[in-house]
Amino acid sequence: MPVNEEKNMEAMQVGDLIHSAAGIVENAIRMEDPASKNALRDAAKTLLQEAIRKLDESVGTSDADEDEE
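This section reports on the structure supplied with the text. (Residues numbered from 1 in each chain as written. Predicted model: local features only at pLDDT ≥ 70, side-chain atom pairs only at ≥ 80, totals over all residues. Heavy atoms only, no water.)

If you walk through the whole model with that rule in mind, you get 5 salt bridges. Notably, a salt bridge pairs Asp 42 with Arg 41, separated by 3.2 Å at the nearest N-O pair. A relative accessible area of 40% means that Asp 42 is categorised as partly exposed. Of the charged contacts, one joins Glu 50 and Arg 53 as a salt bridge, the two residues approaching to 2.5 Å between their closest N and O atoms. Here Arg 53 and Glu 50 lie together in helix H2 (residues 34–59), a separation of 3 residues that amounts to about one turn. On the basis of relative accessibility, which here comes to 26%, the residue Glu 50 falls in the partly exposed class. By relative accessible area, Arg 53 is classed as partly exposed at 37%. Salt bridges linked by common partners bring Glu 50, Arg 53 and Glu 57 together as one network. (Salt bridge = Lys/Arg side-chain N within 4 Å of Asp/Glu carboxyl O. Buried < 20%, exposed > 50% of the residue type's maximum accessible area, 1.4 Å probe, protein only. Helix = DSSP H or I, 4+ residues; strand = E, 2+ residues; numbered from the N terminus.)

So, in C-alpha cells, the structure goes:
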C-alpha cells in the first residue's frame with residue numbers, strides 16, 4: 001500500500017512530540033530543584049497530551065472514546 005505523504009508527516013509529528021516529551025522527562029528526573037522538576041513534568045505532560053490529541057485525530061478515535069464515557 002502506498003504511503004500517504006500527509007499521514008507520514010502526521011506520524012512523524014506525533015513521534016517527535018513523544019520523543020521530545022521523553023527527553024524532558026529524563027531531565028526532570030535528573031533535576032535536583034523541585035520547582036524545575038515540576039515545570040519540566042508539566043511541559044512533558046503538555047507534549048504528551050498534544051501527541052494523544054493528534055493521534056486520536058489521525059486514527060479517528062476521539063469521537064469513539066467520548067461515546068464510551
